[in-house]
Amino acid sequence: MFNFTSLPPLSLYIHVPWCVRKCPYCDFNSHDNHQSLPEQAYIDALIRDLEQELPLIWGRSINTVFIGGGTPSLFSAEAYDRLFSSVRALLPLQHDAEITLEANPGTVEAGRFSEYRDVGINRLSIGIQSFDQDALQALGRIHDSKQAIKAVEYAHQAGFDSFNLDLMFGLPGQDEKKARHDVETAIALAPPHISYYQLTIEPNTLFYAQPPSLPDDDPIYDWQLANQASLAEAGYMQYETSAYAQKGHECRHNINYWRYGDYIGIGAGAHGKISSASPQQIQRRVKQKQPQKYIDTAGTEAGLLEQTFVSEDEVGFEFMLNAMRLLDGVPTPLFQQHTGMPISVIKQAMQKAEQLELLEHTIERIRPTEKGQRYLNSLIELFLHA
């Protein structure tokens, strides 16, 4: 039975579903924008959506905000200023809250970055993916390599002390030289944070229906190891499966996910996870995915597409699924604090993982071993029926 003596930290996720053109590898809830954006109507819907969530989180403050998409930088700074004014009026937003906006180099200018900074956004996540022109074209990106470099320079000039650069490897036509050039270019631009991850082909994408020719897995792994070493040498500490940061610039919002924290999700197709002490439960909520239907129903019962409750049998797996992405793992007491369950419910699975040398467990900390990091799926599967 769940027994929350205290509730996990709370974040806010805001989804903006439009982009100029949907990328062939993207399986997120994003939609091509073929007409003028309904900016005002969508901001109104987000506010109604948030108001409906308030009874679930009375008395709790927001630690981090993440605006994802789609391409949220298609919206103006004025729109976000109005949204944040309502957010602050409706619930406590911590004074040092991390507020991240995803931005596309093909849709932004230096002036807009500065404007976002002026309305309280203090972190950017810039979707570069590659600095190679052929790779960008193969990925369906609307920016070129020069715009990618300029976007990072603009982020520095706009005064963002913390921002992320998204970079992918294992791309169509990529070889070791091109993969290394991407990482070296990224390091030279000195972003405080780099997300570096392999391209995967997901269902319901154009690449799934029409698979591109990709490099073999064995050389990809060799490139990954070499480029991870370059990142480490340049002062980027790997703290999560695909995240590297200069000291003090880890993404607090994503860390809250990995530590099984709570988050409100507002926007078309947004997901949320909310724990409560009365009644003792964890619920997951999903909003209407189609943008116009979301606008029409936000703030009403019809705006909630799904509402499910995490069972006691599922919570151990969910916690470990997230926590084991962190290279340093999590403090052992965090399991009971954030799941409301005693750690004994996953004891047998942990023992099996230790026998297989995939996990280290002490009274202070649970962490994946180096072998566990490499075979993460095998580690997580041990907790599926724990």
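Before reading further, recall that the structure is shown in the block above.
Calculation rules
- Residues numbered from 1 in each chain as written.
- Predicted model: local features only at pLDDT ≥ 70, side-chain atom pairs only at ≥ 80, totals over all residues.
- Heavy atoms only, no water.
- Helix = DSSP H or I, 4+ residues; strand = E, 2+ residues; numbered from the N terminus.
- Rg over C-alpha atoms; globule rule 2.2 N^0.38 Å.
- Buried < 20%, exposed > 50% of the residue type's maximum accessible area, 1.4 Å probe, protein only.
- Contact = heavy atoms within 4.5 Å.
- Areas by Shrake-Rupley, 256 points an atom, 1.4 Å probe, with all protein chains shown as cover.
- Expected span 1.5 Å × (residues − 1).
- Salt bridge = Lys/Arg side-chain N within 4 Å of Asp/Glu carboxyl O.
- Phe/Tyr/Trp six-rings, centres within 6.5 Å; stacked < 30°, edge-to-face > 60°.
- Core = buried A, V, L, I, M, F, W, Y, C linked by side-chain atoms within 4.5 Å.
- Pairing = 2+ DSSP bridges.

Asks: Help me understand the overall build of the chain in this model?
Replies: Tallying secondary structure elements over the chain gives 15 helices and 17 strands in all. Taken over the C-alpha trace, the chain has a radius of gyration of 21 Å; the compact-globule value for 386 residues is 21 Å, and the two agree within 12%. Structurally, the chain occupies a C-alpha span of about 55 × 50 × 40 Å along its principal axes. Here the chain holds 386 residues, and 53% of them are scored as buried. Expressed as a percentage of contacts within the chain between residues at least 6 apart in sequence, the contacts between residues at least 24 apart total 72%. Surface accessibility of the chain: about 17,500 Å² in total, with carbon and sulfur atoms responsible for 49%.

Asks: Looking at this structure, I do not really get helix H1 (residues 39-53). What am I missing?
Replies: In an α-helix, one turn spans 3.6 residues, which is why side chains three or four residues apart end up on the same side. For H1, built from 15 residues, the straight-helix expectation of 21 Å at 1.5 Å per residue is met to within 8% by its first-to-last C-alpha distance of 21 Å. Every buried residue belonging to H1 is among Glu39, Tyr42, Ile43, Ala45, Leu46, Ile47, Asp49, Leu50 and Glu53, and all of these are buried. Here the buried face of H1 lies against strand E1 (10-16), strand E2 (18-19), helix H2 (77-90), strand E11 (262-267), strand E13 (280-287) and helix H10 (291-297).

Asks: Teacher, can you tell me more about unusual backbone geometry here?
Replies: With glycine set apart, most residues show a phi of negative sign, and most peptide bonds adopt trans. Cis geometry is adopted by the peptide bond preceding Gly70, which originates at Gly69 and carries an omega value of 20°. The peptide bond linking Ser278 to Pro279 adopts the cis configuration, its omega dihedral lying at 0°. Turning to its location among the elements, Pro279 is positioned in the loop between strand E12 (271-277) and E13. The phi dihedral of Gln129 falls on the positive side, at around 70°, and the residue is not glycine. Inspection of the secondary structure assignment puts Gln129 in strand E6 (residues 123-129). Despite not being glycine, Tyr260 has its phi angle at roughly 65°, a positive value. Tracing the chain through its elements places Tyr260 in the loop between helix H9 (252-258) and E11. Note on Tyr260: relative accessible area 1%, which makes it buried.

Asks: Help me understand the pattern of salt bridges, please; the structure alone is not making it clear to me.
Replies: Pairs can form between side chains of opposite charge once their charged atoms are near each other. One pass over the structure, following the stated rule, counts 13 salt bridges. Note that Lys150 and Glu153 form a salt bridge whose closest N and O atoms lie 3.8 Å from each other. Of this pair, Lys150 and Glu153 both sit in helix H5 (residues 145-157), 3 residues apart, roughly one helical turn. Classification of Lys150 by relative accessible area gives partly exposed; the value is 42%. Here Arg325 ties to Glu240 by a salt bridge, and the two come within 2.6 Å at their closest N and O atoms. Highlighted residues: Arg325 in the loop between helix H11 (312-323) and strand E15 (330-331) and Glu240 in strand E9 (residues 237-240), separated in sequence by 85 residues. Within the structure, one salt-bridge network assembled from shared partners comprises Asp49, Glu53, Arg285 and Lys287.

Asks: I tried to follow the packing of aromatic side chains on my own but got confused; where do I start?
Replies: The geometry of an aromatic ring pair is captured by two quantities: the separation of the ring centres and the angle between the planes. The full count for this structure, using the stated rule, is 15 aromatic pairs. Between Trp18 and Phe75 the ring centres are 6.1 Å apart and the planes differ by 25°, which places this aromatic pair in the stacked class. You can see Trp18 sitting in strand E2 and its partner Phe75 sitting in the loop between strand E4 (62-69) and H2, a full 57 residues away along the chain. A single burial state applies to Trp18 and to Phe75, both of which are buried. Pairing Tyr80 with Tyr116 gives two aromatic rings, centres 6.1 Å apart and planes at 70°, and the pair type is edge-to-face. Of this pair, Tyr80 sits in helix H2 while Tyr116 sits in helix H3 (residues 110-118), and the two are 36 residues apart along the sequence. Summarising the burial analysis for this pair, Tyr80 and Tyr116 share the class buried.

Asks: Sorry, what's going on with the nonpolar core here?
Replies: One recurring pattern in soluble globular proteins: nonpolar side chains tend to sit buried together. Of all hydrophobic cores here, the largest spans 66 residues; its most connected members are Leu12, Tyr42, Tyr80, Phe113, Ile121, Leu124 and Ile264. Non-local contacts of Ile264, meaning those with residues more than four positions away in its chain, are made with Leu10, Ser11, Leu12, Tyr13, Leu50, Glu53, Ile57, Ile62, Leu91, His271, Gly272 and Ile274.

Asks: Just to check I follow, could you spell out the environment of Leu189 for this structure?
Replies: Structurally, Leu189 can be placed in helix H6 (residues 176-189). By relative accessible area, which is 14% here, Leu189 ends up buried. On a C-alpha basis, the gap between Leu189 and Gln137 in space is 22 Å, while along the polypeptide they are 52 residues apart. What Leu189 contacts, discounting residues up to four positions off in sequence, is Phe131, Ile149, Val152, Glu153 and His156.

Asks: Any chance you could explain H11 here in plain terms?
Replies: Look at H11: 17 Å from first C-alpha to last across 12 residues, which is about the 16 Å you get at 1.5 Å a residue. Buried within H11 are the following residues: Val315, Gly316, Glu318, Phe319, Met320, Asn322 and Ala323.

Asks: Looking at this model, I keep getting lost on the pairing of E4. Mind explaining?
Replies: Working note: regular strand, side chains alternate between the two faces of the sheet. Judged by how many residues are buried, E4 sits mostly within the fold: 8 of 8 residues are covered. Across 7 bridges, the pairing between E1 and E4 is parallel. By the bridge assignment, His15 is partnered in E4 with Gly68. Pairing analysis gives 5 bridges linking E4 to strand E5 (residues 93-103), with the strands arranged parallel. Of the residues in E5, the one forming a bridge with Ile62 is Leu93.

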